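# Observations on the three-dimensional arrangement
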Amino acid sequence: DGEGGGEERAEARPRGEGEGEGEEVVDGMGISDSLDLTYDPWQADVLKPSNELEIKAASFLIYVLLRHCRVELGEAEDAMFAAMVERGELREADIPLPVKDAPAVPSYFMLPSSVSGGTSEKMLMAYAFGHRVVKMPGKGARVKQLGQLIAHPVLFDRLLNPEDWKGGQARFTPMLVKPLPWLGVKNGGFLCLPRGVARFAPREMNDRMEEAREEMQRVYQGLNSLSQTPWQVDTSVLQVQRHLWNLGGNTAGLVQREKGEISPKPDLTKGATEEELKAWKKVAFLTIKANRENHSIGCDTENRLLQAEELVAESEFYFPHNVDFRGRAYPMPPNLNHLGADSTRALLRFARARPLGEKGEIWLWIHLSNLCGHDKVAMQDRIEWAQARYRDIEDSARNPIDGDRWWSKQDAPFQVLAACQELEKVLRLPKARRKAFESSLPIHQDGSCNGLQHYSALGRDQKGGEQVNLTLSAVPGDVYTAVMKVVAAKVAVEAKNGEAKAQLVDGHITRKMVKQTVMTSVYGVTLIGASAQILQRLRDTPALAGLEDNLLRPASGFLAKLTLQSLGEVFQSATASQNWLTEVARIMCKETGCPMQWVTPLGMPIIQPYRKERGFQVVTHLQKVTLNSSGGHLPIDSLKQKVAFPPNFIHSLDASHMLLTAIECSRQNIEFAAVHDSYWTHAATVDEMNGILRDKFVELHENALLENVKCGLEEMHPKLKGLLPDPPEMGTLDLEQVKKSTFFFH
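This structure is a prediction, so every number in the text was calculated from the model and none was measured.

### What to know about the overall build of the protein chain
Within the protein chain, the secondary structure is distributed over 25 helices and 21 strands. In the protein chain, buried positions account for 48% of the 746 residues. Partitioning the intrachain contacts of the protein chain with sequence separation of at least 6 by distance along the chain shows that 72% fall at a separation of at least 24. Here the protein chain displays about 36400 Å² of accessible surface, and carbon together with sulfur accounts for 52% of that area.

Right, dumping it as structure tokens:
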């Protein structure tokens, strides 16, 4: 969208009539064989900024699309849309008309019987896309003109049925051969689709990484280790997912495929009340919103299943990895990878299997218990909990569709199903043969609120470290419960003092209510963001069901403030480190006007990309377009630089820890994959991986990481010497305790 005022759309004319002579020859996708490329969008633009040239180039390509792209539709479809226009269900303005100087559209073409499967079929031709200018209310009495691109309704119909429309194929898919090893900023990953090693990195950061090629070797080694892990599709889980999806979804975390129905709108002229109309509007809005969200997720689900079905026959495939500007690693194929939701993760298993060995079966039981959410107890309790559900496991594995579907009611249903099927195969064997069972199921070990683990290690916070399992304990510490208890106590006091907001929620504070806010606090959640998180939890609280948002919203803001305060009390040293990072970023931006930058422990230079935006207008062949630029030539956004530095710095540390673990696992021939702070390996090698990841965490934090940030900035900007505060005084936590902690990752 952009401001209108450019070329007028051509007057309406019957489909198939034009100014050219004869009929154009088009291919099956409706693309013209002859393109008129006489229009030059770059006249007198050679010296203009690159972003302006880019939008002009895009406009030219859109112009070509509007002029030459057609869609074919049968006579029945054409008649259906004409009838919808006549009944008022579809506006004429929703059907694309030709832009100025568009070539003639053929009236029809004959689809051969060899293609249609019977007699030859007459296919009508229509413009696939159109451009129009619509008027929208602006500020005051102003009327704002917006340019819109529209598609023919038949395209929407086909896109709404992804099984019938295979036009959109993913460009970046898993590789059937090993990815190219990363050797530099632009050398690695896909064979024929070059991509940089750092996504979303500003240009100046790419330049710095080129200069630091040698220093970044461990980053490249880590990415290469992740990229070399071979995968397979879990065919049994895929079959169950496809079956349930074809039945309509709406189970085991799959969204509902059928649209939610909206009841008829209450008619005030026929006795309906304003309250009934208001209630209907609310329900209709939520239904439309849910339908749109389910459609979007449904398209992703279908694409993912199609991609998995294409890979079923492959003995192995690979996910090339790169990093974001903070150093966090991601698989480059976006649709099917192990960073996805439960249904996506369950489709994947390691291509290479390993015998379970001495403790592999034990880790399968623990893994199943963890996936079911029974992970806040000692390891032996988890094993006994899972073993007590042997009948459910057996039924889930043997009858996933027609059985009791115990697996579908768990926190991670499809991963639970995969674990049940693996365990059932093991349990069929005599005990003496189970150690030799070849398992390829990935077993997860997850950090305990990993951001707070890094903060506690930075400040050597003994009390906070105990809450996030940096120390040895009989049962895992639970930071969310610890914060919840402090919040509940504060609420009770406020309620006794007559605070209405506290009285509303007193007695209803739960672990789940504060969990998301605590989890995201180390990643920069604001008071507004925390309020929105807690508001949703209040809506989901049965005792508060039916209360309007005008009552719940003030209470959510009240609870958000108390939660963030309570977190600071539980993690005092960690909070001091976070505040120090924020103050350093404030001084740096104020004194130098430069973006916040640092070097990770693995030698990767980081430059935050946040700059102020500048609006500018581009005149294209179709219309004027108003855009925002945030390039490196613009001033930095000091507020974003300051607020984002603490979470981005912590992300760079957890990324370094993961890559160090990946390198060492590869060196020891241990299969390894990771979803940020969730580390995966074979059941047989969980103990070895656990030892490595603990050693690498201690090795990482033995460095003076905060002091290194200060020294690096002072070296880069000598004027900062004497202005930056010293890092906060460290606590008494002994990092060697991490190596003995059972629940550091568990």
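Continuing now.
### Observations concerning the nonpolar core
Grouped together as the largest cluster of nonpolar side chains are 99 residues, with contacts concentrated most on L559 and F649. Residue contributions to this core peak at nine residues, all from helix α23 (residues 638-667).

### Quick look at the sheet that holds strand β11 (residues 329-331)
Pairing within the open sheet is mixed, and its three strands lie in the order β8-β10-β11. The strands lining the two open edges of the sheet, one partner per strand, are β8 (198-199) and β11. Pairing of strand β10 (residues 321-324) with β11, which is carried by three bridges, proceeds in the antiparallel orientation. Bridged to V323 within β11 is A329. Packing against the sheet, helix α6 (residues 217-227) makes contact with β10 and β11, and its axis sits at approximately 135 degrees to β10.

### A word on the sheet that holds strand β20 (residues 673-675)
If you walk across this open sheet you meet the three strands as β15-β21-β20, and the pairing is antiparallel. Two strands lie at the open edges of the sheet, namely β15 (443-446) and β20, each paired on one side alone. Averaged over neighbouring strand pairs, the angle between their axes works out to 25 degrees when direction is ignored. Two strands pair when backbone bridges link them, and β15 and strand β21 (residues 678-681) are joined in this way by four bridges, in the antiparallel orientation. Counted as the bridge partner of Q445 is Y679 from β21.

### Some words on the packing of aromatic side chains
Aromatic rings considered in pairs are described by the distance between their centres and by the relative angle of their planes. Considering all chains together, one arrives at 14 aromatic pairs under this definition. With a centroid separation of 5.2 Å and an interplanar angle of 50 degrees, the aromatic rings of W407 and F414 are classed as tilted. Geometrically, the ring pair formed by W598 and F645 is edge-to-face, given 5.0 Å between the ring centres and 65 degrees between the ring planes. Remark: F645 occurs in helix α23 and W598 occurs in strand β16 (residues 597-599); sequence separation between them is 47 residues. Just as W598 is buried, F645 falls in that class too. A network of ring pairs unites the aromatic residues W231, F317, F319, F350 and W680 as a single cluster. Positioned over the ring face of F325 is R326, at 5.9 Å from the centre of the ring.

### Side note on the pattern of salt bridges
What the rule picks out here adds up to 30 salt bridges. Linking R349 and D234 is a salt bridge whose minimum nitrogen-to-oxygen distance equals 3.0 Å. Of the two residues, R349 is situated in strand β12 (residues 348-350) and D234 in the loop between β9 (231-233) and α7 (235-246); the sequence distance between them amounts to 115 residues. With a closest N to O distance of 3.3 Å, D300 and R304 form a salt bridge. With a gap of four residues between them, D300 and R304 both fall in helix α8 (residues 274-311), about one helical turn apart.

### Description of the side chain of H338
Here H338 lies in the loop between β11 and α9 (342-345). The class of H338 is buried, set by a relative accessible area of 1%. Side-chain polar atoms of H338 contact the backbone oxygen of A674, separated by 3.3 Å.

### Overview of the environment of V255
Turning to its location among the elements, V255 is positioned in the loop between α7 and α8. Here V255 falls in the buried class, since its relative accessible area comes to 14%. In sequence terms V255 and E293 are 38 residues apart; their C-alpha atoms lie 9.1 Å from each other. Among all residues touching V255, those that are not within four sequence positions of it are W245, G248, G249, N250, N294, I297 and G298.

### Remarks on the packing of α7 against α8
The N-to-C vectors of α7 and α8 enclose an angle of 140 degrees; their axes lie 11 Å apart at closest approach. Between α7 and α8 lies a crossing whose hand is left-handed. Facing L238, Q241, R242 and W245 of α7, the residues of α8 in contact are G298, T301, E302, R304, L305, L306, A308 and E309. Grouping the constituent residues of the contact of α7 with α8 by class yields five nonpolar, three polar and four charged.

### Considerations on a nonpolar patch on the surface
Taken together, L176, V177, L180 and L191 make up a surface patch of nonpolar side chains, about 340 Å² in accessible area. You can see L180 is positioned in strand β6 (residues 180-184). Of the residues examined, L180 reaches a relative accessible area of 37% and is grouped as partly exposed.

### Here we look at helix α22 (residues 572-592)
When the terminal C-alpha atoms of α22 are compared, their 30 Å separation across 21 residues agrees well with the 30 Å that a helix rising 1.5 Å per residue should span. Among all positions in α22, only A574, S577, W580, L581, V584, A585, I587, M588, C589 and T592 are buried. On the buried face of α22, the contacting elements are α15 (450-458), β16, α23 and α25 (705-716). A positive backbone phi angle near 70 degrees is found at G593, which sits one or two residues after α22.

### A look at the packing of helix α20 (residues 527-539) against helix α21 (residues 549-570)
Relative to each other, α20 and α21 sit at 125 degrees, their axes nearing to 8 Å. If you check the angle between α20 and α21, you find them oblique. Crossing handedness for the pair α20 and α21: right-handed. Contact with α20, carried on its side by L527, A530, S531, I534, L535, L538 and R539, involves D549, L552, R553, A555, S556, G557, L559, A560, K561, T563 and L564 of α21 and no other residues of that element. When the residues that make up the contact of α20 with α21 are grouped by side-chain class, the tally is 10 nonpolar, four polar and four charged.

### Description of the confidence of the model for the protein chain
Predicted confidence across the protein chain gives a mean pLDDT of 85, with 87% of residues reaching 70 or more. The low-confidence segment residues 1-48, where pLDDT is below 50, has 93 contacts with residues more than four positions distant or belonging to other chains.

### Considerations on α25
Compared with the 16 Å implied by 1.5 Å per residue over 12 residues, the 17 Å span of α25 between its first and last C-alpha is a close match. Residues of α25 that are buried include every one of L705, L706, V709, K710, L713 and E714, and no others. Of the surrounding elements, those touching the buried residues of α25 are α15, α22, β16, α23 and α24 (686-701).

Calculation rules
Residues numbered from 1 in each chain as written. Predicted model: local features only at pLDDT ≥ 70, side-chain atom pairs only at ≥ 80, totals over all residues. Heavy atoms only, no water. Helix = DSSP H or I, 4+ residues; strand = E, 2+ residues; numbered from the N terminus. Buried < 20%, exposed > 50% of the residue type's maximum accessible area, 1.4 Å probe, protein only. Contact = heavy atoms within 4.5 Å. Areas by Shrake-Rupley, 256 points an atom, 1.4 Å probe, with all protein chains shown as cover. Core = buried A, V, L, I, M, F, W, Y, C linked by side-chain atoms within 4.5 Å. Pairing = 2+ DSSP bridges. Axes fitted to C-alpha atoms, helices over the stretch in contact; angles between N-to-C directions. Phe/Tyr/Trp six-rings, centres within 6.5 Å; stacked < 30°, edge-to-face > 60°. Lys NZ or Arg CZ within 6 Å of the ring centre and 35° of its normal. Salt bridge = Lys/Arg side-chain N within 4 Å of Asp/Glu carboxyl O. Polar contact = N/O pair within 3.5 Å; in protein donor to acceptor, adjacent residues only side chain to side chain. Left-handed = near helix turned anticlockwise from the far one by under 90°. Nonpolar A, V, L, I, M, F, W, Y, C, P; charged D, E, K, R; others polar. Patch = residues over 30% accessible without salt bridge, like charges linked within 9 Å, V, L, I, M, F, W, Y side chains within 5 Å. Expected span 1.5 Å × (residues − 1). Parallel < 35°, antiparallel > 145°, perpendicular 65-115°, else oblique. pLDDT = per-residue confidence, 0-100.

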